[in-house]
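Topology and contacts: notes
In case you want the letters, here they are:
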Amino acid sequence: MPLTTDPPAARTAPERAGPPAADDPAALKVVPVRHPWRWAAIAVTAVLIAQFVHGLVTNPAWEWPVFAQFFTAETVLKAVWITLQLTVYGTALGFALGIVLAFMRLSASPFLRWVAFGYIWAFRSIPLIVQLLFWFNLAYLYKRLDFGIPFGPGFFHFDTMGLVGAMGAAVLGLALHQAAYAAEIVRGGVLAVDGGQLEAAAALGIPRLRQLRRIVLPQAARSILPNATNEVISLFKGTSIVSVMAIGELFYQVQVIYGRNGRVVPLLMVATAWYVLLTTVLSVLQHYVERHFAKGATR
């Protein structure tokens, strides 16, 4: 019996075209990648978060009514204000001195470089609490300060008793401690700027101070800001260490209150909530300041 085949015109288009080409993206079947362990991790994490929140809401040991009573109490608000003052003064003085130290380390003078290095080494090595106690006991170390010829007679002097109070010692200790870290942050930001720009500015006859103010610092700010903000936040939380000097900042005041009424947990949550709130505000400010200095830069 003779074999018959359909005429070429009777074949459908796919049959004439043959199998799909291997390099045709439209003909490939896309199979999404499955991540079962990722979904399992998400589920476990969600359950743990839900349990934590449920415990915060339902556990009476947290004593949320006591928390609400003291969160905006007058003594707590005054303590928050003192904490903010310590942070602002310590940051302003610390970064002002830190900028000077940074440029001393970048100086062509070996003497200035070693002086700056010695300062940074010393203040990063000594614990902050020790520095604070040294400044608080300045009158014990030096009864009076003389002004006159170095290593010679003094023309006038004054007693150090009462010269540095608790608040002054706290600001001084925080600022000097902060300056050591700020110096390295600023130095790293300045080194991140391409040196060829300074060479070009010098070739154009731009004064050195204007080079730093108009060329180096605006570009270095993008590298400085994230680390500087971290230092400010660390200083803000680190002000709690001045409680050893009986300064009425936030943590000290909370300790005083729960020492009287015995409500330790809700009072600690008051301090925690204020630290979280103010740290969030600083983080938001950091975002907008970074966005301002990042204008024209490729992110």
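Summarised in this report is the structure supplied together with it. Owing to the predicted nature of the structure, the values given are computational and were not obtained by experimental measurement.

1. Concerning the overall build of the protein
Within the protein one finds twelve helices and two strands. Listing the helices and strands of the protein from first to last along the sequence gives α-α-α-α-α-α-α-β-β-α-α-α-α-α. Split into buried and exposed, the 299 residues of the protein put 28% on the buried side. Once local pairs closer than 6 in sequence are excluded, the contacts in the protein between residues at least 24 apart make up 71%. Accessible area of the protein: about 19900 Å², with a carbon and sulfur share of 67%.

2. Thoughts on the packing of helix H4 (residues 74-105) against helix H11 (residues 250-261)
At a minimum axis separation of 8 Å, H4 and H11 run at an interaxial angle of 155°. Classified by the angle their axes make, H4 and H11 are roughly antiparallel. Packed against H4, whose contacting residues are Thr-75, Val-76, Ala-79, Val-80 and Thr-83, the element H11 presents Leu-250, Gln-253 and Ile-257 at the interface. Its residues assigned to classes, the contact of H4 with H11 comprises five nonpolar, three polar and no charged.

3. Some points on a nonpolar patch on the surface
Side chains of Ile-126, Ile-129, Val-130, Leu-133, Phe-134, Tyr-140, Leu-141, Tyr-142 and Val-244 sit close together on the surface and give an oily, nonpolar patch of about 840 Å² of accessible area. Taken together, the elements giving at least two residues each to the nonpolar patch come down to helix H6 (128-136) and helix H7 (138-141). A total of four residues in the nonpolar patch trace back to one element, the largest contributor, which is H6. By the element assignment, Val-244 lies in the loop between helix H10 (208-238) and H11. A residue is classified by how much of its surface remains accessible, and Val-244, at 45% relative accessible area, is partly exposed.

About the criteria used
Residues numbered from 1 in each chain as written. Predicted model: local features only at pLDDT ≥ 70, side-chain atom pairs only at ≥ 80, totals over all residues. Heavy atoms only, no water. Helix = DSSP H or I, 4+ residues; strand = E, 2+ residues; numbered from the N terminus. Buried < 20%, exposed > 50% of the residue type's maximum accessible area, 1.4 Å probe, protein only. Contact = heavy atoms within 4.5 Å. Areas by Shrake-Rupley, 256 points an atom, 1.4 Å probe, with all protein chains shown as cover. Axes fitted to C-alpha atoms, helices over the stretch in contact; angles between N-to-C directions. Parallel < 35°, antiparallel > 145°, perpendicular 65-115°, else oblique. Nonpolar A, V, L, I, M, F, W, Y, C, P; charged D, E, K, R; others polar. Patch = residues over 30% accessible without salt bridge, like charges linked within 9 Å, V, L, I, M, F, W, Y side chains within 5 Å. Salt bridge = Lys/Arg side-chain N within 4 Å of Asp/Glu carboxyl O.

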